[in-house]
Amino acid sequence: CTFLLLTFLAVTSAQPLPGVMQLDTLNFNKTLAHFPYSFIKFDKGYPIGEKHATFGELGKDMAKVHNLLMAEVRIQDYGDKVNLEFMERFRLTKEMLPELVLFERQKVKKGQKVRYEESRYGGPIDRDSMGEFLKSKASEVMILPGCMKEFDLLAEKFMKAENDKEREVIHA
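These figures come from a predicted structure and were not determined experimentally.

The rules behind these values
- Residues numbered from 1 in each chain as written.
- Predicted model: local features only at pLDDT ≥ 70, side-chain atom pairs only at ≥ 80, totals over all residues.
- Heavy atoms only, no water.
- Pairing = 2+ DSSP bridges.
- Helix = DSSP H or I, 4+ residues; strand = E, 2+ residues; numbered from the N terminus.
- Axes fitted to C-alpha atoms, helices over the stretch in contact; angles between N-to-C directions.
- Contact = heavy atoms within 4.5 Å.
- Buried < 20%, exposed > 50% of the residue type's maximum accessible area, 1.4 Å probe, protein only.
- Polar contact = N/O pair within 3.5 Å; in protein donor to acceptor, adjacent residues only side chain to side chain.
- Core = buried A, V, L, I, M, F, W, Y, C linked by side-chain atoms within 4.5 Å.
- Phe/Tyr/Trp six-rings, centres within 6.5 Å; stacked < 30°, edge-to-face > 60°.

Caption draft 1: Inspection of the sheet that holds strand 4 (residues 99-105) at higher detail. Strand order in the open sheet formed by five strands is 1-3-2-4-5, with mixed pairing between adjacent strands. Either end of the sheet is taken by a strand with one partner, and the two such strands are strand 1 (21-23) and strand 5 (116-121). Strand-to-strand, the axes of this sheet are offset by a mean angle of 30 degrees, without reference to chain direction. In terms of strand pairing, strand 1 meets strand 3 (residues 68-75) through three bridges, oriented parallel. Looking at strand 3, one finds that Met-21 is bridged to Ala-71. In the packing of helix 5 (residues 127-137) onto the sheet, contacts are made with strand 2 (37-44), strand 3, strand 4 and strand 5, and the angle to strand 5 comes to roughly 150 degrees.

Here it is as structure tokens:
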């Protein structure tokens with residue numbers, strides 16, 4: 001009975017997460033090219049547990065952020081080996097998984113190959129911390145769910161103000 005319960009939990013937990021796109025070696029570059037920002041979770045072939053579920057919750061939270069792709073790449077190094085190319089390409093080890101990476105598409109001239117700036121997330125895997133990381137790296141274009149762009153811009157100006165007089169002008 002315990003075996004059946006654990007098998008059920010493993011299978012249901014490893015299902016694709018709502019709001020999180022599944023990527024592989026065939027669609028990775030093509031998909032990332034369409035988004036200014038892509039937050040990717042590289043994980044083992046059958047991820048389970050709190051970190052996996054939390055990333056899925058963030059995927060739901062970010063579903064309405066149109067310029068951010070939330071995606072997952074599952075890497076399997078046994079049986080039908082899948083997506084192993086990513087281990088070398090992004091200098092990953094099995095012990096590092098899950099590894100979260102934000103890709104920011106760089107501006108390039110027409111006809112040039114798309115390039116990305118990579119920012120690895122090394123903080124706690126909880127919705128608030130990951131959301132703050134995304135906001136800090138992509139603040140120019142990303143408005144978190146429940147926030148208004150105008151208020152975010154005012155708050156940013158207020159925080160950058162050098163003295164009380166500048167803050168009063170913003171506050172008024």
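Caption draft 2: Spotlight on the environment of Pro-124. Here Pro-124 shows up in the loop between strand 5 and helix 5. Its relative accessible area of 48% is what places Pro-124 among the partly exposed residues. In contact with Pro-124, other than residues within four places in its own chain, are Ser-129 and Met-130.

Caption draft 3: Examining helix 5 more closely. Within helix 5, the full set of buried residues consists of Met-130, Gly-131, Phe-133, Leu-134 and Lys-135. Structurally, the start of helix 5 carries an N-cap: the backbone nitrogen of Asp-128 is 3.3 Å from a side-chain oxygen of Asp-126.

Caption draft 4: Quick look at the environment of Arg-105. Tracing the backbone through its elements, the reader meets Arg-105 in strand 4. For Arg-105, a relative accessible area of 30% corresponds to the partly exposed category. Residues Arg-105 and Ala-33 lie 72 residues apart in sequence; the distance between their C-alpha atoms is 7.1 Å. A polar atom in the side chain of Arg-105 sits 2.7 Å from the backbone oxygen of Ala-33.

Caption draft 5: Just the nonpolar core, in detail. Counting residues in each nonpolar core, the largest one holds 17 residues, and the members touching the most others are Phe-39, Phe-55, Leu-68, Met-70 and Leu-134. Taken together, the elements giving at least two residues each to this core come down to strand 2, helix 3 (50-61), strand 3, strand 4 and helix 5. Top contributing element to this core by residue count: helix 5, with three residues. Residues Phe-28, Leu-69, Leu-92 and Val-101 belong to the second largest nonpolar core, which totals 16 residues.

Caption draft 6: Region of interest: the packing of aromatic side chains. Counted under the stated rule, the structure contains 13 aromatic pairs. When the centroid spacing of 6.3 Å and the interplanar angle of 40 degrees are considered together, the rings of Phe-28 and Phe-42 count as tilted. Of this pair, Phe-28 sits in helix 2 (residues 28-32) while Phe-42 sits in strand 2, and the two are 14 residues apart along the sequence. Taking 5.7 Å as the distance between ring centres and 55 degrees as the angle between the ring planes, the aromatic pair formed by Phe-28 and Phe-90 counts as tilted. Taken as a pair, Phe-28 in helix 2 and Phe-90 in the loop between helix 4 (85-89) and strand 4 lie far apart in primary sequence, 62 residues in all.

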